[in-house]
Structures are given as C-alpha cells and as structure tokens.
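Next come the chains, spelled out residue by residue.
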Amino acid sequence: MNTKSELMNAADMQRALKRISHQILERNHGAENLVLLGIRRRGVPLAKVLAENIKDIEGAEVPVGELDITLYRDDLTEIQPDPVVNKSFVPFDITGKIVVLVDDVLYTGRTARAALDATSVCGRAAGIQLAVL
C-alpha cells in the first residue's frame with residue numbers, strides 16, 4: 001500500500017497517548033471512579049493503551065470496555081444492506097462513574113453521538129467525556 005503522507009509515526013502516537021492519559025487524569029483529579037469505553041474498532045486498542053498509561057502514571061487499574069455503536073448510527077441503512085453488529089463488552093457497571101469514550105478520529109461527531117446513545121444503555125454515568133487521538 002502506498003502512503004500519501006504520515007501524520008504520526010509510532011513515537012508520535014506513543015507521546016500523544018501519554019499526553020492524553022495525563023490530561024484525563026488531570027481533568028478528573030486522578031483515576032478514581034473512572035472507566036474507559038473504546039468505540040469499536042479502532043478506539044478499543046487506544047483505550048487499552050490509555051489504561052496501561054494511567055496504571056503506569058497513577059498506579060490505578062482503570063476498567064476498559066468495548067462499545068459497539070452500530071445499532072445507534074443514524075446512517076445504519078447507508079452503511080450496507082446487512083450491517084454486522086457485534087456485542088458491546090462492558091463487564092462492569094457504569095452507573096455513577098466518569099466514562100471516557102475513546103476513538104481514533106473525530107470528523108462529523110456522528111460516531112460520538114451514537115456512542116452517547118449506546119452508553120446510556122449500559123447505565124447512568126455521572127459524566128461522559130470524549131478522548132480522541
């Protein structure tokens with residue numbers, strides 16, 4: 001595959017994810033009551049890296065879940081005739097927690113809106129934030 005341009009190399013991404021981890025901790029005054037939900041597909045590995053970084057920085061384990069937003073998209077019928085729906089994997093209660101939705105890009109905000117709807121099915125969060133690479 002020919003690459004037109006490179007926005008970030010591996011070191012740049014690592015540095016950006018470390019910075020985002022620090023910003024999440026600063027905004028929330030630590031990791032208490034914090035959970036990360038990676039938006040499938042590309043947000044999940046990023047959420048896992050952020051959780052590892054937070055553990056290194058703060059020494060705290062932050063739960064990580066996987067959120068499938070397919071059913072909550074407003075363009076579901078435009079994606080394909082039979083969209084593939086995967087299950088969300090959120091093995092913890094988000095009620096009363098600060099939920100950080102994690103994804104790789106932000107363009108129109110439609111994915112973020114769908115993720116908000118999908119998150120509400122998992123419980124009533126104390127707050128929802130968005131972390132985007």
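For the structure, see preceding data.
So, a few notes on the structure that sits alongside this text.

Thresholds, definitions, all that
Each residue is numbered by its place in its chain's sequence as written, counting from 1. Selection of residues for local features in this predicted model requires a pLDDT of at least 70, selection of side-chain atom pairs for listing and counting requires 80 or more, and totals for whole chains, interfaces and linings are taken over all residues. For side-chain calculations, the full set of non-hydrogen atoms in the structure is used, while hydrogens and water are omitted. Helical segments are the DSSP runs of H or I of at least four residues, strand segments are the runs of E of at least two, and each set is numbered from the N terminus. Buried residues are those whose accessible area, probed at 1.4 Å on protein chains only, stays under 20% of the maximum for their type, while exposed residues exceed 50% and partly exposed ones sit between those limits. Pairs of residues are marked as contacts when any of their non-hydrogen atoms sit within 4.5 Å. Axis definition: a line fit to C-alpha positions, over the contact stretch in the case of helices; interaxial angles, taken between N-to-C directions, run 0 to 180 degrees. Crossings are assigned a handedness: left-handed for a near helix turned anticlockwise from the far helix by less than a right angle, right-handed for a clockwise turn. We call a set of buried Ala, Val, Leu, Ile, Met, Phe, Trp, Tyr and Cys residues a nonpolar core when their side-chain atoms join them within 4.5 Å. A strand pair is defined by DSSP finding two or more bridges across the two strands. Every case where a carboxyl oxygen of Asp or Glu lies within 4 Å of a side-chain nitrogen of Lys or Arg is listed as a salt bridge. Under the rule applied, a polar contact is a pair of N or O atoms within 3.5 Å (in protein, one hydrogen donor and one hydrogen acceptor; residues adjacent in sequence only if both atoms are side-chain atoms). For a helix, the expected span equals 1.5 Å multiplied by the residue count minus one.

## Comments concerning the environment of leucine 133
- Along the chain, leucine 133 turns up in the segment after strand E4 (127-132).
- Note on leucine 133: relative accessible area 32%, which makes it partly exposed.
- Residues leucine 133 and aspartate 103 lie 30 residues apart in sequence; the distance between their C-alpha atoms is 6.8 Å.
- Leaving out residues up to four positions away in the same chain, leucine 133 has contacts with Met8, Met13, Ala16, Leu17, Ile20, Leu46, Asp103 and Asp104.

## Focus: the packing of helix H1 (residues 10-27) against helix H2 (residues 43-58)
- With their axes 9 Å apart at the nearest point, H1 and H2 run at an angle of 65° to one another. Relative to H2, H1 is oriented so that their crossing is right-handed. Two secondary-structure elements touch here, H1 through Met13, Leu17, Lys18, Ile20, Ser21, His22, Ile24 and Leu25 and H2 through Leu46, Val49, Leu50, Asn53, Ile54, Asp56, Ile57 and Glu58.

## Considerations on the nonpolar core
- Within the largest apolar cluster, 17 residues are counted, with the highest numbers of intra-cluster contacts made by Ile24, Leu34, Leu36, Leu50, Ile54, Val100 and Val102.
- Among the elements of the structure, H1, strand E1 (34-39), H2 and strand E3 (98-103) are those that each provide at least two residues to this core.
- Look past the residues within four positions of isoleucine 54 in its chain and what remains in contact with it is Ser21, Ile24, Leu25, Ala31, Leu34, Gly59, Ala60 and Val62.
- Among the nonpolar cores identified, the runner-up in size contains 12 residues, and Leu37, Ile39, Leu67 and Ile69 belong to it.

## What about the pairing of E3?
- Across the six residues that make up E3, a large majority, six, are buried.
- Burial of E3 is two-sided: the residues Ile98, Val100 and Val102 facing one way and the residues Val99, Leu101 and Asp103 facing the other way are all buried.
- Pairing analysis gives five bridges linking E1 to E3, with the strands arranged parallel. By the bridge assignment, glycine 38 is partnered in E3 with valine 102.
- Here E3 pairs with E4 via six bridges, running parallel.

## Quick look at the pattern of salt bridges
- Taken as a whole and assessed by the stated rule, the structure comprises six salt bridges.
- Ionic pairing is found between glutamate 61 and lysine 55, a salt bridge with its closest N-O pair at 2.7 Å.
- The partly exposed category is assigned to lysine 55, whose relative accessible area is 42%.
- When salt bridges with common partners are traced through the structure, they connect Arg40, Lys48 and Glu66 into a single cluster.

## Details of the environment of asparagine 9
- Mapped onto the elements of the fold, asparagine 9 is located in the segment before H1.
- Here the side chain of asparagine 9 touches alanine 11 through a polar contact of 3.0 Å, landing on its backbone nitrogen.
- Engagement of the side chain of asparagine 9 in a polar contact is seen with the backbone nitrogen of aspartate 12, the distance being 2.8 Å.

## Considerations on H1
- In a regular helix each residue adds 1.5 Å, so 18 residues correspond to 26 Å; H1 covers 26 Å between its end C-alpha atoms and thus fits that length.
- Every buried residue of H1 is listed here: Ala16, Leu17, Ile20, Ser21, Ile24 and Leu25.
- Elements in contact with the buried residues of H1: E1, H2, E3 and E4.
- Positioned one or two residues after H1, histidine 29 has a phi angle of 55°, which is positive.

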